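Structure assessment
As a plain string of letters, each chain reads:
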Amino acid sequence: KSLAAELEISNTMGLFLQKTNIIRDYLEDLEEGRIFWPKAVWSKWSKHLSQFADRPHDRKSLACLNELVTNALAHIPGCLKYMRMIEDPMNFRFCAIPQVMAIATLSEVYN
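Residues numbered from 1 in each chain as written. Predicted model: local features only at pLDDT ≥ 70, side-chain atom pairs only at ≥ 80, totals over all residues. Heavy atoms only, no water.

Details of the side chain of Thr12
- Tracing the sequence through the fold places Thr12 in helix 1 (residues 7-24).
- According to the relative accessible area criterion, Thr12 is buried, its value standing at 13%.
- If we ignore the near neighbours within four places in the chain, the residues touching Thr12 are His75, Gly78 and Cys79. (Helix = DSSP H or I, 4+ residues; strand = E, 2+ residues; numbered from the N terminus. Buried < 20%, exposed > 50% of the residue type's maximum accessible area, 1.4 Å probe, protein only. Contact = heavy atoms within 4.5 Å.)

Below, the structure written as structure tokens:
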């Protein structure tokens, strides 16, 4: 199959990076009045999104963060499938480096 026909897994690559950035930039976004964390997730753990900034090491804060990280990590199999299809080494590096950096970011913030 050609990469052009793999719209679903190419979207997965983008979703993985986007979710990682949303997780990483939580505090900056909150301070700027932007909210990207899904309310369907954070409202399970708190009535106010700002609680996670006020008590970042609280059990509920970590549980919420871990749920978001786990959701993002679910995109990795699709990312790997997509990257296996890339034949040109330069294109592979262009795609793989941000994915590896995102995995490292999520590893740092989990728990």
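Points about the layout of surface pockets
- Here the largest pocket defines a volume of roughly 290 Å³.
- Taken together, 14 residues form the lining of the largest pocket, with Tyr26, Trp37, Phe52, Pro56 and Leu65 sitting closest to its centre.
- Elements that contribute at least two residues to the lining of the largest pocket include exactly helix 1, helix 2 (26-31), helix 4 (51-54) and helix 5 (59-73).
- Residue contributions to the lining of the largest pocket peak at 3 residues, all from helix 5. (1 Å grid on protein atoms, 1.4 Å probe; cavity = no way out; pocket = protein on both sides within 12 Å on 5 of 7 lines; lining within 4 Å. Points joined across faces, edges and corners; volume = space filled by probe spheres on them.)

What about the pattern of salt bridges?
- Counted according to the given criterion, the structure contains 4 salt bridges.
- Where Arg34 meets Glu28, a salt bridge forms, and the shortest distance between an N and an O atom there is 3.9 Å.
- Relative accessible area serves as the criterion here: at 33%, Arg34 is assigned to the partly exposed category.
- Residue Asp29 is joined to Arg34 by a salt bridge in which the shortest nitrogen-to-oxygen separation is 2.9 Å. (Salt bridge = Lys/Arg side-chain N within 4 Å of Asp/Glu carboxyl O.)

A few points about helix 5
- Taking 1.5 Å per residue, 15 residues should reach 21 Å; helix 5 reaches 21 Å between its end C-alpha atoms and fits that length.
- Among all positions of helix 5, only Ser61, Cys64, Leu65, Asn66, Leu68, Val69 and Ala72 are buried.
- The inward-facing, buried residues of helix 5 contact helix 1, helix 3 (39-42), helix 4, helix 6 (76-84) and helix 7 (89-109).
- Between the side-chain oxygen at the start of helix 5 and the backbone nitrogen of Lys60 there is a gap of 3.0 Å, and the oxygen is on Asp58. (Expected span 1.5 Å × (residues − 1). Polar contact = N/O pair within 3.5 Å; in protein donor to acceptor, adjacent residues only side chain to side chain.)

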